[in-house]
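# Commentary on secondary and tertiary structure
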Amino acid sequence: MSCFLFDNLSVSRETIDRLESYESLVKKWSKGINLISPATQSSIWGRHILDSAQLYTSLHQKSYVWVDLGSGAGFPGLVISIIAKQHHPELNVFLVESDKRKSAFLRTVVRELSLCATVVNDRIENANVPSADIISARALTNLTGLLAYSYPHIRRDGVCLFQKGENWEKEVAEAEKKWSFDLKIITSKTRVGAVTLQLGDIRRG
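Summarised in this report is the structure supplied together with it. Each chain carries its own residue numbering, running from 1 in the direction its sequence is written. Residues qualify for local features only when their pLDDT is at least 70, as the model is predicted, and side-chain atom pairs are given and counted only at 80 or more; totals for whole chains, interfaces and linings, by contrast, use all residues. Side-chain numbers here rest on the full set of heavy atoms in the structure, without hydrogens or water.

In the segment running from F75 into P76, the intervening peptide bond is cis, with an omega of 5°. Assignment of secondary structure puts P76 in the loop between β3 (65–69) and α3 (77–87). The phi dihedral of S114 is positive, around 55°, even though this residue is not glycine. Here S114 shows up in the loop between α4 (100–112) and β5 (117–120). Its identity is not glycine, yet A139 carries a phi of approximately 55°, on the positive side. A run of DSSP states H or I qualifies as a helix once it reaches four residues; a run of E qualifies as a strand once it reaches two. Both are numbered from the N-terminal end. Mapped onto the elements, A139 comes out in the loop between β6 (132–138) and α5 (143–150).

Once that is clear, we can look at the pattern of salt bridges. Side-chain pairs of opposite charge can arise where the charged atoms are in close proximity. One side-chain nitrogen of Lys or Arg within 4 Å of one carboxyl oxygen of Asp or Glu is enough to make a salt bridge. In this structure the tally under the stated criterion is 13 salt bridges. For the salt bridge of R191 with D51, the shortest nitrogen-to-oxygen distance reads 3.5 Å. Of the two residues, R191 is situated in the loop between β8 (179–187) and β9 (195–204) and D51 in helix α2 (residues 44–53); the sequence distance between them amounts to 140 residues. The partly exposed category is assigned to R191, whose relative accessible area is 26%. The salt bridge partner of R155 is D133, with a shortest N-O separation of 3.3 Å. Of this pair, R155 sits in strand β7 (residues 154–164) while D133 sits in strand β6, placing them 22 residues apart in sequence. Relative accessibility under 20% of the residue-type maximum defines a buried residue, over 50% an exposed one, and the middle range a partly exposed one, all with a 1.4 Å probe and only protein chains included. In this structure D133 comes out as buried when scored by relative accessible area, which is 16%. Linked through salt bridges whose partners overlap, the residues forming this network are R47, D51, R138 and R191.

So, on to the pairing of β9. Most of β9 is tucked away: 7 of the 10 residues are buried. Bridge analysis of β7 against β9 gives 6 bridges, and the strand direction is antiparallel. In the sheet register, Q163 faces β9, and the bridge partner there is T196. Examined bridge by bridge, β8 and β9 share 8 bridges and lie antiparallel to one another. From the neighbouring strand, W179 faces β9, where its bridge partner is R204. Criterion used throughout: strands pair if DSSP finds at least two bridges between them.

On to the nonpolar core. As a rule of thumb, nonpolar side chains are buried together in soluble globular proteins. In this structure, L5, Y22, W66, F75 and F105 are the most contacted members of the largest nonpolar core, which totals 41 residues. At the level of elements, β1 (2–6), β2 (9–12), α1 (13–29), α2, α3, β4 (92–96), α4 and β5 are the ones that each hand at least two residues to this core. In terms of residue count, α3 provides more of this core than any other element does, 6 residues in total. What makes two residues a contact is simply this: any of their non-hydrogen atoms within 4.5 Å. Here Y22 is in contact with A73, G74, F75, L78, V79, I82, F105, V109 and L113, once residues within four sequence places are set aside. Listed in part, the 27 residues of the second largest apolar core include V67, V129, F162 and W168. Definition of nonpolar core: a set of buried residues of the types Ala, Val, Leu, Ile, Met, Phe, Trp, Tyr and Cys, connected through side-chain atoms within 4.5 Å.

Written as C-alpha coordinates, this is what we have:
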(Lines give C-alpha, C1' and ligand atoms only; values in the text may rest on other atoms or scores of the structure.)
Protein backbone atom coordinates (compact mmCIF):
# COMPACT_ATOMS: atom_id res chain seq x y z
CA MET A 1 0.00 0.00 0.00
CA SER A 2 1.27 3.47 -0.89
CA CYS A 3 0.81 6.67 1.12
CA PHE A 4 1.17 10.26 -0.02
CA LEU A 5 3.34 12.75 1.84
CA PHE A 6 2.41 15.28 -0.86
CA ASP A 7 0.33 15.15 -4.04
CA ASN A 8 3.33 14.14 -6.12
CA LEU A 9 5.31 12.17 -3.52
CA SER A 10 4.04 8.65 -2.93
CA VAL A 11 5.85 6.43 -0.41
CA SER A 12 5.42 2.91 0.89
CA ARG A 13 4.10 1.87 4.27
CA GLU A 14 7.67 0.80 5.12
CA THR A 15 8.92 4.33 4.46
CA ILE A 16 6.21 5.78 6.69
CA ASP A 17 7.24 3.31 9.40
CA ARG A 18 10.86 4.45 9.14
CA LEU A 19 9.83 8.10 9.37
CA GLU A 20 7.75 7.31 12.46
CA SER A 21 10.68 5.42 14.00
CA TYR A 22 12.86 8.44 13.32
CA GLU A 23 10.26 10.69 14.96
CA SER A 24 10.34 8.47 18.06
CA LEU A 25 14.13 8.62 18.21
CA VAL A 26 14.07 12.42 18.00
CA LYS A 27 11.64 12.54 20.95
CA LYS A 28 13.71 10.06 22.96
CA TRP A 29 17.05 11.79 22.44
CA SER A 30 15.58 15.26 22.92
CA LYS A 31 15.16 14.43 26.60
CA GLY A 32 18.93 14.50 26.96
CA ILE A 33 20.24 16.88 24.28
CA ASN A 34 18.83 19.93 22.53
CA LEU A 35 17.86 18.46 19.15
CA ILE A 36 14.80 20.61 18.44
CA SER A 37 12.97 23.45 20.11
CA PRO A 38 10.73 22.26 22.98
CA ALA A 39 7.91 24.23 21.40
CA THR A 40 7.94 21.97 18.32
CA GLN A 41 8.29 18.58 20.03
CA SER A 42 4.54 18.01 19.89
CA SER A 43 4.42 18.75 16.15
CA ILE A 44 7.53 17.00 14.82
CA TRP A 45 5.69 15.35 11.93
CA GLY A 46 4.33 18.52 10.39
CA ARG A 47 6.88 21.09 11.54
CA HIS A 48 10.00 19.09 10.78
CA ILE A 49 9.43 15.84 8.88
CA LEU A 50 6.96 17.02 6.23
CA ASP A 51 8.75 20.35 6.01
CA SER A 52 11.94 18.45 5.16
CA ALA A 53 10.28 15.89 2.89
CA GLN A 54 9.14 18.55 0.42
CA LEU A 55 12.77 19.03 -0.65
CA TYR A 56 12.82 15.51 -2.05
CA THR A 57 10.71 16.58 -5.03
CA SER A 58 13.68 18.67 -6.23
CA LEU A 59 15.94 15.60 -6.41
CA HIS A 60 17.05 14.70 -9.93
CA GLN A 61 17.42 10.97 -10.59
CA LYS A 62 20.98 11.57 -11.81
CA SER A 63 21.95 12.99 -8.43
CA TYR A 64 24.15 10.72 -6.33
CA VAL A 65 25.61 12.94 -3.60
CA TRP A 66 23.49 15.04 -1.24
CA VAL A 67 25.32 17.04 1.43
CA ASP A 68 23.32 18.41 4.37
CA LEU A 69 25.07 21.21 6.23
CA GLY A 70 24.61 21.71 9.97
CA SER A 71 22.38 18.63 10.18
CA GLY A 72 21.55 18.91 13.88
CA ALA A 73 18.60 16.57 14.40
CA GLY A 74 18.78 15.44 10.77
CA PHE A 75 16.33 17.82 9.13
CA PRO A 76 16.24 17.65 6.19
CA GLY A 77 19.13 15.20 5.55
CA LEU A 78 17.83 12.12 7.37
CA VAL A 79 14.32 12.59 6.00
CA ILE A 80 15.76 12.72 2.47
CA SER A 81 17.80 9.57 3.14
CA ILE A 82 14.75 7.69 4.45
CA ILE A 83 12.66 8.53 1.39
CA ALA A 84 15.57 7.83 -0.96
CA LYS A 85 15.96 4.33 0.51
CA GLN A 86 12.74 3.47 -1.34
CA HIS A 87 12.86 5.71 -4.41
CA HIS A 88 16.55 6.41 -5.08
CA PRO A 89 18.79 3.90 -3.22
CA GLU A 90 21.91 5.07 -5.10
CA LEU A 91 21.78 8.43 -3.32
CA ASN A 92 24.54 8.99 -0.76
CA VAL A 93 23.63 11.53 1.92
CA PHE A 94 26.39 13.20 3.93
CA LEU A 95 25.35 14.79 7.22
CA VAL A 96 27.80 17.46 8.37
CA GLU A 97 27.48 18.25 12.07
CA SER A 98 30.15 19.68 14.41
CA ASP A 99 28.43 18.78 17.69
CA LYS A 100 29.57 15.36 18.96
CA ARG A 101 26.34 14.49 20.77
CA LYS A 102 24.18 15.38 17.80
CA SER A 103 26.52 13.39 15.56
CA ALA A 104 26.06 10.40 17.87
CA PHE A 105 22.31 10.76 17.47
CA LEU A 106 22.59 10.96 13.68
CA ARG A 107 24.74 7.82 13.59
CA THR A 108 22.20 6.00 15.75
CA VAL A 109 19.38 6.79 13.32
CA VAL A 110 21.51 5.82 10.30
CA ARG A 111 22.40 2.49 11.94
CA GLU A 112 18.95 1.59 13.26
CA LEU A 113 17.16 2.44 9.99
CA SER A 114 19.95 1.04 7.74
CA LEU A 115 20.27 4.25 5.74
CA CYS A 116 22.76 5.09 3.00
CA ALA A 117 24.10 8.09 4.90
CA THR A 118 27.43 9.15 6.38
CA VAL A 119 27.83 11.41 9.41
CA VAL A 120 30.75 13.85 9.19
CA ASN A 121 31.52 15.18 12.67
CA ASP A 122 33.46 18.32 11.74
CA ARG A 123 33.04 22.01 11.08
CA ILE A 124 31.57 22.73 7.67
CA GLU A 125 34.65 24.56 6.40
CA ASN A 126 36.82 21.53 7.28
CA ALA A 127 34.43 18.78 6.21
CA ASN A 128 35.83 16.12 3.90
CA VAL A 129 32.87 15.31 1.65
CA PRO A 130 32.52 14.53 -2.07
CA SER A 131 31.47 17.30 -4.42
CA ALA A 132 27.72 17.52 -4.06
CA ASP A 133 24.95 17.35 -6.62
CA ILE A 134 22.67 18.90 -3.99
CA ILE A 135 23.46 20.83 -0.82
CA SER A 136 20.77 21.53 1.77
CA ALA A 137 20.61 23.53 4.97
CA ARG A 138 17.80 24.44 7.33
CA ALA A 139 17.86 27.05 10.10
CA LEU A 140 21.65 27.36 9.92
CA THR A 141 22.60 30.93 8.93
CA ASN A 142 21.74 33.67 6.44
CA LEU A 143 21.96 33.12 2.68
CA THR A 144 25.29 34.92 2.32
CA GLY A 145 26.83 32.62 4.91
CA LEU A 146 25.23 29.54 3.39
CA LEU A 147 26.71 30.32 -0.02
CA ALA A 148 30.17 30.75 1.53
CA TYR A 149 29.83 27.39 3.26
CA SER A 150 28.46 25.64 0.17
CA TYR A 151 30.69 27.00 -2.59
CA PRO A 152 33.72 24.75 -1.86
CA HIS A 153 31.53 21.63 -1.76
CA ILE A 154 29.12 22.04 -4.70
CA ARG A 155 29.58 20.62 -8.19
CA ARG A 156 29.63 23.17 -11.01
CA ASP A 157 26.23 21.92 -12.14
CA GLY A 158 24.93 21.28 -8.62
CA VAL A 159 22.13 23.08 -6.80
CA CYS A 160 21.57 24.33 -3.27
CA LEU A 161 18.24 24.00 -1.48
CA PHE A 162 17.86 26.39 1.43
CA GLN A 163 14.62 26.66 3.41
CA LYS A 164 13.81 30.20 4.49
CA GLY A 165 11.08 32.11 6.28
CA GLU A 166 9.30 35.36 5.49
CA ASN A 167 12.51 37.46 5.33
CA TRP A 168 13.94 35.50 2.41
CA GLU A 169 13.77 38.43 -0.01
CA LYS A 170 16.01 40.55 2.21
CA GLU A 171 18.51 37.69 2.47
CA VAL A 172 18.58 37.28 -1.32
CA ALA A 173 19.20 40.99 -1.81
CA GLU A 174 22.10 40.93 0.65
CA ALA A 175 23.60 37.80 -0.91
CA GLU A 176 23.52 39.31 -4.38
CA LYS A 177 26.05 41.92 -3.22
CA LYS A 178 28.70 39.19 -2.97
CA TRP A 179 27.40 36.30 -5.08
CA SER A 180 25.74 35.65 -8.42
CA PHE A 181 23.40 32.70 -8.95
CA ASP A 182 20.36 31.41 -10.75
CA LEU A 183 17.40 31.43 -8.39
CA LYS A 184 14.14 29.51 -8.32
CA ILE A 185 11.59 30.24 -5.58
CA ILE A 186 9.58 27.23 -4.39
CA THR A 187 6.63 28.01 -2.14
CA SER A 188 6.56 25.93 1.04
CA LYS A 189 3.84 23.30 1.29
CA THR A 190 3.94 23.35 5.08
CA ARG A 191 4.51 26.93 6.29
CA VAL A 192 2.75 30.10 5.22
CA GLY A 193 5.24 32.69 3.96
CA ALA A 194 8.13 30.22 3.84
CA VAL A 195 10.01 29.17 0.70
CA THR A 196 12.78 26.94 -0.54
CA LEU A 197 15.49 28.84 -2.39
CA GLN A 198 16.88 26.67 -5.19
CA LEU A 199 20.18 28.12 -6.35
CA GLY A 200 22.39 27.05 -9.25
CA ASP A 201 25.35 28.33 -11.26
CA ILE A 202 26.79 29.85 -8.08
CA ARG A 203 29.70 32.23 -8.54
CA ARG A 204 31.45 34.83 -6.46
CA GLY A 205 30.20 38.28 -7.36
